[in-house]
Amino acid sequence: PRSLLLLRAPETLERFCAAAAAAAMDSAASLLEAYRRDRRRLLGFLLSSAGGRAVDLSRVDLDAVSADYALDCVASGAQFDASEATRRYFDDRRYPIMTSSPSGNSYFLLSRPEGSGSPPKKVAPDIGPEPPAEENSSRARKHSDSFEVAVNIQGASYVLKDLNLANTSPQHAKEMDLLSLGLPRLNAELSDDDLRETAYEVLLASLFVSGKLYFAEEKREKKPKFLKGLRSKTEGSNSAPQMENYYTHHLDLIRVQMEISESMDTLAKRALRRIGSKMVQGQLDVPCISLQLLSSVGKFDFPTERLRVQWQRRQANVLEELLLFSASRECSMSETLRIVLSKLKNTEDWVVSVPDGRIEVLTIIERYNTRLSAAPKKFGLKGETYHWTQSYHFNSRLYEKLLSSVFDMLEDGQLVEEADEILETMKLTWPILGITQKLHDALYAWALFQKFAQTGEILLLKQTDLQIQKLKLHNNVREAELYIDSFVCSVEGFGSNGTLNLVDSALLKINMWCHRQLKNYHLYFSQANCSIFESMLNLVLLTAANLTDDDEEAMLIGTSLGSTPESTLIHILVVRSIQAAYKNALISADGQSKAEFKHPLILLASELKLLVEKECSAFSPVLHKYYPEAGRVALTVFHLLYGQQLELFLEGSDHSESLKEILGASNSFELCIAQKLYSMYGEAAGSSLSNFLKPYMIDRFSSPIILQWLHAQHENVLEWTKRTIEIEDWEPLSVHRKLATSMVEVFRIVEETIDQFFNSSLPLDIVHLRSLLIGITSSLQVYLLHMENQQVSRATLLPVAPVLTRYAESVNPFAKRKLIEPAVREEKVANKLNNLTVPKLCVKLNTLQYIRDQLDTIEEGIKQSWVDVQSAVGLLDYLSCMTSEGATSKSSPSDESIDELFTIFDDVRRTAVNITDTILNFIGTRAVFWDMRDLLLFSLYRTSVESARMEIFIPTIEQVLDQVCDLIVDVLRDRVVLRVFQACMVYV
């Protein structure tokens, strides 16, 4: 499958390149040529044994062979027919390219090379009146529509102009935005490989002409065998090509880096070793090099016929580009030259023609080039040739190919160690290609930057920065500046189209690429690659030259008067990037809300908080070095954009059920903005940007919602308290926690209410705190009242008077004494007494002590949380003061007034203490006069006086005390034991 894709890919890319913009022609052509080269190799391998026999492909143009036909021949074993393959190739080009999708019916349009997908499977609905939608769905659609309006609000709509980068991955955007220099297009059919090989030949010629390289071959003389051993060392060393000088190693490295084969290298060296004789008036140009190669290379110098055909076509195309297209208006021999070049392009006729015919053709071309070279020089520069100015677009491309050899082909994004030596060697080509020091610095900076854009290697970006700094130091003479101005490049950027010279075009294209990245730096950069962000920012500031943004006047927040160009540029970058990041967050929140069933504003606030943290930690410290107000600008834009969306929501006629969560998220986001502003700028917050900080005023909407929520929560807690205490059996919760389960549940609910209250992220005031405390107190008072009602009077447990003293005294001493009748206990009181056992009374005492301890803990926690609330209120006041230019903030409640609120807990504590004392007074009486009543009567009163001793029932008392000590908490143990002993003494 990968082989099939490789075979068909060039056809798809070729159609894509035909419809692509002119600015991307160079990069697209380079990629297209790479695919074509691989396709030719693969087709050559497949067809080498098609039909069971070898096929001669030397005269077959593999670029015009149908891949489907070749595969059919291989699969069926049929004989390959070149004419049929070519016919099938051009027939297939008339139809859209099909893809091997699962449905089998996806295709590419000729206008847009994107998968269009399958046709719709469903029948289109009939046109008619739509049924009325349900109320809920219409309401949801209304909220969704109002949220989507934010894409088109002021500030967010700008991002739609930036190639929709929100829907493009950073890596793909970098590849898409890699621009060309805008050099004039090549008219001849010269591929990227052709330019690379021609550039290497120019380098070889410059080395030979400058005398830096020598090439010698062995003189093959027949010598007697007995003299072979007498050959000198020098003679033996000439048996192979010699390059024993300083440039040998560097040239070999350049050859490997430029992917030039050894056979073609040797062929070019052999042909160019006498290139100095071809110089016209002491000057050498690219047409002279091509003519020297054509006149010195024969048919049998190539390893294969196919290589010879490609090589000759390349030389003919080079001459056509330089002599015909570039100079057609300069000489009347253009028509003759066109005929001569057509003969040179016909490789078959060229081979079979007589040598005199070939010499005549080359002579005509050479004579034509000589006439062009004799034209007067335009700028009077030393060594200036005709082709310096007329063929600058071709020469610049060749020099770019030479400069690419400094990049290590094995380690992407790295320079070779001999980069400086290679660059020094490249200077030898300057007289041929018309390169000056300034042009070299500009082209080298452009090559470095192109490689950085492909690899993301920061060292290349820093090298680009250094190269541009060197470029800025150049101060050429007038003639040199005019010469550079003749290198015209078409540019398109910042809303205007025009032309610039090559140096300015390179700087502008670098600035445009970096500018586009920095206008959305939240998408392209992070904390990990913040160093690249800083280097790119330096590069933008270095290459900026009076560049203006067309939409600067329509920005959400304009720059202040008197701003420097540097601060204005950074201001624009910050605003644009925040707007782009906001749009991305807006789209992301809208998508997540449908999956998580949350309102988009809640998710948007969370997304923006992450962006604010990223802005303040990664980008603002860098931007602050150049523009101190950068952080304030970013936070202001974030606050303003979200405020616009929140305002649209709050202006709606009805509010959704998630209004409380939306207000909480909005308040939390505003607090985050205020906290970041205070940490960056402190009290000195006065700025012209403060006019754009409009507080959200969340408290106007949240205050009644909080009170309503507290009322509902209090009712729920009170209902739960009544329910749980009704079913309480006063059994210990566990061995370690000997208290009532119901009280633990009540405090759990109370604590959850407190946590929800303070975690709501809504602005709170003292009215809300008072309502919270009243609700907690009410629930605890209900619980304590129920415990108090379960108690009975201590007098109920006391026994009746003894027989001797059971007569009551009368006021009248002469009246007859009445017999005291023992009172009969009511059934309700008897049932209560049955539930008031000593273990249960111990659990109640433990529970009352737990209430008092837990109240202290809750009070301390609420006070601490209220301190945080006050700090949040202070931040909101700080934000309000910024907008009102120093207006006094609202007075916050004092600590004394807060302490007065918590006195309401004292009533609960007093009630708990009173109930504790009641139970303590009751528990001793219960243990002695109820539980041990029969044992004491038998021990003390039903035997003789001599046997009535306390030692008899002391073991029973010890059992009671052991039981009490196992259940009661340490704080109350002594008091309970004391009451038991007091009851014993009363009985005795």
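About the cut-offs
- Residues numbered from 1 in each chain as written.
- Predicted model: local features only at pLDDT ≥ 70, side-chain atom pairs only at ≥ 80, totals over all residues.
- Heavy atoms only, no water.
- Helix = DSSP H or I, 4+ residues; strand = E, 2+ residues; numbered from the N terminus.
- Buried < 20%, exposed > 50% of the residue type's maximum accessible area, 1.4 Å probe, protein only.
- Contact = heavy atoms within 4.5 Å.
- Areas by Shrake-Rupley, 256 points an atom, 1.4 Å probe, with all protein chains shown as cover.
- Axes fitted to C-alpha atoms, helices over the stretch in contact; angles between N-to-C directions.
- Parallel < 35°, antiparallel > 145°, perpendicular 65-115°, else oblique.
- Nonpolar A, V, L, I, M, F, W, Y, C, P; charged D, E, K, R; others polar.
- Phe/Tyr/Trp six-rings, centres within 6.5 Å; stacked < 30°, edge-to-face > 60°.
- Lys NZ or Arg CZ within 6 Å of the ring centre and 35° of its normal.
- Salt bridge = Lys/Arg side-chain N within 4 Å of Asp/Glu carboxyl O.
- Lys, Arg positive; Asp, Glu negative; His and termini not counted.
- Patch = residues over 30% accessible without salt bridge, like charges linked within 9 Å, V, L, I, M, F, W, Y side chains within 5 Å.
- Disulfide = S-S within 2.5 Å.
- Arc of directions from axis to C-beta.
- pLDDT = per-residue confidence, 0-100.

A. Inspection of the overall build of the protein at higher detail. A count of helical and extended segments in the protein gives 39 helices and two strands. Out of the 988 residues in the protein, the part that is buried amounts to 46%. Considering only contacts within the protein whose residues lie at least 6 apart along the sequence, 75% involve residues at least 24 apart. A total of about 51,000 Å² of accessible surface is found on the protein, and carbon and sulfur atoms cover 53% of it.

B. Inspection of the packing of helix α30 (residues 699-726) against helix α31 (residues 741-758) at higher detail. Running from amino to carboxyl end, α30 crosses α31 at an angle of 170°, the nearest separation of the two axes being 9 Å. In terms of their interaxial angle, α30 and α31 are classed as roughly antiparallel. Seen from α30, the contacting residues are Ile-706, Trp-709, Leu-710, Gln-713, Val-717, Trp-720, Thr-721, Thr-724 and Ile-725; seen from α31, they are Ser-742, Glu-745, Val-746, Ile-749, Val-750, Thr-753, Gln-756 and Phe-757. Here the contact of α30 with α31 is built from residues that sort into ten nonpolar, six polar and one charged.

C. Looking closely at the packing of aromatic side chains. Per the counting criterion, the structure on display carries 19 aromatic pairs. Seen in terms of ring centroids, Phe-379 and Tyr-483 are 5.8 Å apart; in terms of plane orientation they differ by 75°. Their pairing is edge-to-face. Note that Phe-379 is positioned in the loop between α15 (355-373) and α16 (386-390) and Tyr-483 in helix α22 (residues 478-485), a separation of 104 residues in sequence. On the basis of relative accessible area, Phe-379 is assigned to the buried category, the value being 17%. With 6.4 Å between their ring centres and 70° between their planes, Trp-730 and Tyr-783 make a pair best called edge-to-face. With Trp-730 in the loop between α30 and α31 and Tyr-783 in helix α32 (residues 766-789), the pair connects residues that are 53 residues apart, well separated along the chain. An aromatic cluster is built from Phe-379, Trp-388, Tyr-392, Tyr-483 and Phe-487, whose rings are joined through pairwise contacts. Sitting over the face of the ring of Tyr-681, Arg-632 holds its NZ or CZ atom 4.0 Å from the ring centroid.

D. Summary view of the packing of α32 against helix α36 (residues 904-931). At a minimum axis separation of 9 Å, α32 and α36 run at an interaxial angle of 10°. Taken together, the axis directions place α32 and α36 in an arrangement best described as roughly parallel. Note on element contacts: α36 touches α32 through Ile-904, Phe-905, Asp-907, Val-908, Thr-911, Ala-912 and Ile-915, opposite Leu-773, Ile-774, Ile-776, Thr-777, Leu-780, Gln-781, Leu-784 and Glu-788. Looking at the contact of α32 with α36 residue by residue, the classes come out as ten nonpolar, three polar and two charged.

E. Highlighting the pattern of salt bridges. Tallying each qualifying case throughout the model produces 28 salt bridges. For Glu-613, the salt bridge goes to Lys-676, with nearest N and O atoms at 3.1 Å. Of this pair, Glu-613 sits in helix α27 (residues 600-624) while Lys-676 sits in helix α29 (residues 659-681), and the two are 63 residues apart along the sequence. Note that Arg-748 is salt-bridged to Glu-752, the shortest N-O span being 2.9 Å. With Arg-748 and Glu-752 both in helix α31 and four residues apart, the pair spans about one turn of that helix. The class of Glu-752 is partly exposed, set by a relative accessible area of 36%. One salt-bridge network, held together by shared partners, links Asp-856, Glu-859, Lys-863, Asp-899, Asp-906 and Arg-909.

F. Quick look at the side chain of Lys-840. Position of Lys-840 among the secondary structure elements: in helix α34 (residues 838-883). One buried charged residue, Lys-840, forms no salt bridge at all, with the nearest opposite charge on Glu-731 at 4.7 Å. Contact partners of Lys-840, with chain neighbours within four places excluded, come to Asp-729, Trp-730, Glu-731 and Asn-835.

G. Inspection of a nonpolar patch on the surface at higher detail. A surface patch of nonpolar side chains, amounting to about 310 Å² of accessible area, comprises Val-256, Met-409 and Leu-410. Within the secondary structure, Leu-410 sits in the loop between α17 (392-403) and α18 (419-426).

H. Focus on helix α10 (residues 262-272). Taken as a whole, α10 has its buried residues at Met-264, Asp-265, Leu-267, Ala-268, Lys-269, Ala-271 and Leu-272. Looking at the packing, one finds that the buried side of α10 touches α7 (192-209), α9 (248-257), α11 (286-296) and α12 (305-325).

I. Fine view of unusual backbone geometry. The phi angle at Glu-259 is positive, at roughly 60°, despite the residue not being glycine. Tracing the sequence through the fold places Glu-259 in the loop between α9 and α10. One non-glycine residue, Phe-597, adopts positive backbone phi at about 60°. The class for Phe-597 is exposed, based on a relative accessible area of 76%.

J. Inspection of the side chain of Arg-314 at higher detail. Examined against the element boundaries, Arg-314 turns out to sit in helix α12. Contact partners of Arg-314, with chain neighbours within four places excluded, come to Leu-190, Asp-194, Glu-197, Thr-198 and Glu-201.

K. Fine view of the environment of Leu-291. Along the chain, the position of Leu-291 falls in helix α11. Judged by relative accessible area, which is 6%, Leu-291 ranks as buried. For the pair Leu-291 and Ile-365, spaced 74 residues apart in the sequence, the C-alpha separation amounts to 8.1 Å. Those residues in contact with Leu-291 that sit more than four places away from it in its chain are Leu-319, Leu-362, Ile-365 and Glu-366.

L. The state of the cysteines, seen in detail. In this structure the tally under the stated criterion is zero disulfides. Of all cysteine sulfurs in the structure, the one in Cys-842 sits closest to Cys-965, which takes part in no disulfide; the separation is 8.9 Å. Taking the relative accessible area as the measure of exposure, Cys-965 reaches 28% and is therefore partly exposed.

M. Geometry of helix α3 (residues 67-76). Taken as a whole, α3 has its buried residues at Ala-67, Tyr-69, Ala-70 and Cys-73. Looking straight down α3, one finds its buried side chains confined to an arc of 165°; they lie on one side. Residues Ala-75 and Ser-76 are exposed on α3 and point more than 90 degrees away from its buried face. Of the residues one or two after α3, Gly-77 is the one with positive phi, at around 80°.

N. The confidence of the model for the protein, seen in detail. Scored by pLDDT, the protein has a mean of 77; 72% of the residues are at 70 or more. Within the protein, the lowest mean pLDDT, 38, falls on helix α8 (residues 233-237), and the highest, 95, falls on α17. In the model, residues 8-25 has pLDDT below 50 throughout and makes 34 contacts with residues more than four positions away in sequence or in other chains.

O. How the structure looks around the environment of Leu-876. Inspection of the secondary structure puts Leu-876 in helix α34. Each C-alpha atom, one on Leu-876 and one on Ala-674, is 6.8 Å from the other, the two residues being 202 residues apart in sequence. Excluding its chain neighbours within four sequence positions, the residues that come into contact with Leu-876 are Asn-667, Glu-670, Leu-671 and Pro-763.

P. Expanded view of the environment of Leu-195. Within the element layout of this structure, Leu-195 appears in helix α7. Residue class for Leu-195 comes out buried when judged on its relative accessible area of 7%. For the pair formed by Leu-195 and Leu-402, sequence separation is 207 residues and the distance between their alpha carbons is 9.7 Å. Residues within four places of Leu-195 in sequence aside, it is in contact with Leu-186, Phe-394, Arg-397, Leu-398 and Lys-401.

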